[in-house]
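# Architecture and fold: a report
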Amino acid sequence: MSLKSLLEAEKSVITAEVGPLKGTDINEIGEVAELLLGRVTAANVTDQQSSVMRLGSLATCHLLKDKGLEPVFQMTCRDRNRLALQSDLLSAHVLGIENVLSLTGDLPSLGDHPQAKPVYDLDSVQLLWVIKRLNEGYDMVGNELQGKTNFFPGAVVNPGADSGAAFELQLIKMEKKIAVGARFFQTQAVFDPDAFAKFMKRVEGFGVPILAGVIPLKSVGMARFMNKNVSGVFVPEELIDKMAKAEDKAATGMDIAANLVKELKDICQGVHLMAIGWEKRVPAILDAAGL
Amino acid sequence: MITITRQKPLEEVVHSLNRCNKVYLIGCGTCATMLHTGGKSEVLAMKDKLEADGKKVTGWMVIPTACDELTREALAENAKDVEEADCILVMSCAYGVQTVGLYSDKPVFPALDTLFIGKEEKPGHFAEICMQCGECLLGQFAGICPMTQCAKGLLNGPCGGSKDGKCEQDPEHDCAWILIYERLKRLGKLDEIKEFVPPKDYSKMDRPRQIEVTPL
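What counts and how
Position numbers for residues count from 1 along each chain, tracking the sequence in the order it is written. Labels follow written order: the first chain is A, the first ligand is 1, and so on. Side-chain atom pairs in this predicted model are given and counted only at pLDDT of 80 or more, local residue features only at pLDDT of at least 70, and totals for whole chains, interfaces and linings cover all residues. The numbering of helices and of strands both runs from the N terminus, where a helix is a DSSP run of H or I of at least 4 residues and a strand a run of E of at least 2. Atoms counted for the radius of gyration: C-alpha only. Globule rule: 2.2 Å times residue count to the power 0.38. Three exposure classes are used, based on other C-beta atoms lying within 10 Å of a residue's own C-beta, which is placed from the backbone: buried for 20 or more, exposed for 12 or fewer, and partly exposed in between. A residue pair is marked as a contact if its C-beta atoms, positioned from the backbone, fall within 7 Å. What makes two strands pair is DSSP finding at least two bridges between them. Only the contacting stretch of a helix is used when fitting its axis, a line to C-alpha atoms as for every element, and angles between N-to-C directions run 0 to 180 degrees. Note that domain bounds follow an automatic or database assignment of domains. Core membership is restricted to buried Ala, Val, Leu, Ile, Met, Phe, Trp, Tyr and Cys residues, and these are joined into a nonpolar core through C-beta atoms within 7 Å. The arc in question is the one spanned by the directions pointing from the helix axis to the C-beta atoms.

Of the regular secondary structure elements, chain A holds 11 helices and eight strands. Against the globule reference of 19 Å for 291 residues, chain A gives a C-alpha radius of gyration of 18 Å, in line with a compact fold. The dimensions of chain A, computed from C-alpha atoms along their principal axes, are 60 × 45 × 45 Å. Within chain A, buried positions represent 48% of all 291 residues.

As structure tokens, then:
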């Protein structure tokens, strides 16, 4: 069953993130697709994640689809103006891609081409509105399309925003995204299920499926780096301690991720695994989580 | 509002003058003087540096406002020294450089980079407050401009990169959206932040921008 039909039927789903590499070697993508096939409902393909120039999301989504793995086309507003975004959406539709995840996109200044001109012609909320218009058969200025799209639009939310105002703004933006057509949400990485449960309580009435983000920890340094630098990510000391004491860091990191998957999938409608280079270990994490 | 400038690295200035042995120097008594980029002391310092590099400086002046029409007269008054030079190095904003270029037959070179139009928020601290988008939205955002203050110019709320109320691009810079939220809350207008803001009309910024008005 497709991501859309499972989420609409209120079934629990697992998605995973696939990051294209820099270059044209697609062997790795093929191997990852084969490993994920049958283990996850769909795989998100990142759009030049962290503003590092890589193989594109659209072409990679097409490759996954060829392998039989349902893709989620991640689309950021960083690199394309409204003409290019709409055109790529039409292209995605004719390639049979159904799921689109709308994101703002990291700043180019934080990536490997800091001299690049940032675009941000639209923001992630406006992009969702544009997807809705294309689904209705019109471009964003009201011209009729010869053949409309049929996307299942998704969006992201950061449930761990660090202050009262930042948290309220996340909820406000989430409601705006729903109002203009977001049908499912994937979240920033969650490490504290109790805090996440409180977030879920707040958004209970929103009526959209939410998949909790899980990132497997690879090291103590990674956990501390995320706590210091990544907005909304908070790895509790207890988990950092566990990693510090572990002899086999990789096994412990995967074990922590498996436990998070187990706990989080019962709090919301599923889990989104962002393995960041550990894509091939996703099946083992799911095994350990009993999925 | 004033035009904020920064001096180009000396190597870049010297490189741009590689075909000129004799240089005339022009500074500006307004913005560039306030910014210490093209006032009298900076012009004299540049003179010393160019001379140390083997150039001949045929003369110099600091025009009260280099972008003004009086620049034509200032050039005429100093015609002899200007004439002797192979080129003019202008230590003002780009507007001053263009004005000098308009009224002189000599090649002009900029010694400064023009950064933005801004204001002095506290002594010595200059910040951009308006990027002249041609479609002012300040009324919707409690007088804080997300086009200028948000690194991504987002109109429907913050991105995921806001941390501790600061921007991901520059941890010294407040997240515009936290400021907008706090001020709308104080004004009792928080509902307004929930409204969908449609895509902006960037055709209002089509270049070059010009306008006709009836002279006073």
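Continuing now.
Attention now moves to the overall build of chain B. When you go through chain B residue by residue, the secondary structure sums to eight helices and seven strands. Over its C-alpha atoms chain B spans a radius of gyration of 22 Å, topping by over 25% the 17 Å that the globule rule assigns to 216 residues. Per-residue burial over chain B gives 33% buried out of 216 residues. Contacts in chain B between residues far apart in sequence, at least 24 positions, make up 60% of those at least 6 positions apart.

We now examine the sheet that holds strand S5 (residues 108-110) of chain B. All names here are of chain B. A sheet is described by the order of its strands in space; here four strands give the open sequence S3-S2-S4-S5, paired in parallel fashion. The sheet is open, and its two edges are formed by strand S3 (56-63) and S5, each paired on a single side. The mean angle between the axes of side-by-side strands here comes to 25°, regardless of whether they run parallel or antiparallel. Pairing analysis gives five bridges linking strand S2 (residues 22-28) to strand S4 (residues 87-91), with the strands arranged parallel. Across the sheet, the residue bridging to Leu25 is Leu89, located in S4. Packing against the sheet, helix H6 (residues 94-103) makes contact with S2, S4 and S5, and its axis sits at approximately 175° to S5.

On to the domain arrangement of chain B. One can read the domain layout of chain B as domain 1 (2-115) and domain 2 (130-201). Between the C-alpha centres of domain 1 of chain B and domain 2 of chain B the distance comes to 39 Å.

Below, the discussion takes up the pairing of strand S6 (residues 112-122) of chain B. All names here are of chain B. In this sheet, S6 lies alongside strand S1 (residues 2-7) in antiparallel orientation, the contact comprising six bridges. Bridging across to S6, Gln7 finds its partner in Leu112. Where S6 and strand S7 (residues 125-128) come together, four bridges link them in antiparallel fashion. Bridging across to S7, Glu120 finds its partner in Phe126. Taking the residues that link successive antiparallel strands as the turn, the S6-S7 hairpin has two residues, and the phi of Gly124 there is positive, at about 85°.

Taken together, the contacts link 30 residues of chain A with 27 residues of chain B. Contributions of two or more residues to the side of chain A that touches chain B are made by helix H5 (124-136) and helix H6 (164-179) of chain A. Among the elements that take part in the side of chain A that touches chain B, H6 of chain A stands out by supplying nine residues, more than any other.

Moving on, we get to the environment of Leu179 of chain B. Residues and elements named next belong to chain B. Structurally, Leu179 can be placed in helix H8 (residues 176-186). Leu179 gets classed as partly exposed once you count the C-beta atoms within 10 Å, which come to 19. Expressed as a C-alpha distance, the spacing of Leu179 and Asn78, which sit 101 residues apart in the sequence, is 51 Å. Look past the residues within four positions of Leu179 in its chain and what remains in contact with it is Ile144 and Asp174.

Before going further, it helps to examine the environment of Cys136 of chain B. All names here are of chain B. Along the polypeptide, Cys136 turns up in the loop between S7 and helix H7 (146-149). Using a count of 12 C-beta atoms within 10 Å as the deciding quantity, one classes Cys136 as exposed. Measuring from C-alpha to C-alpha, the distance between Cys136 and Met147 comes to 9.6 Å, with 11 residues separating the pair along the chain.

What follows is about the nonpolar core. Within the largest apolar cluster, 79 residues are counted, with the highest numbers of intra-cluster contacts made by Ala43 and Val214 of chain A. Apart from residues no more than four positions distant in its own chain, Val214 of chain A is found in contact with Ala189, Val190, Ala257, Leu260, Val261, Leu264, Val271, His272, Leu273 and Met274 of chain A. If you look at the next biggest cluster of nonpolar residues, it comprises 31 residues, including Val13, Leu17, Val23 and Met46 of chain B.

Okay, H6 of chain B next. Quick reminder: α-helices carry 3.6 residues per turn. Residues three or four places apart thus point the same way. Residues and elements named next belong to chain B. Burial in H6 covers these residues: Gly96, Val97, Thr99 and Val100. All buried residues of H6 lie within an arc of 165° about the axis, which places them on one face of the element. Where H6 is buried, its residues meet S2, helix H4 (70-77), S4 and S5.

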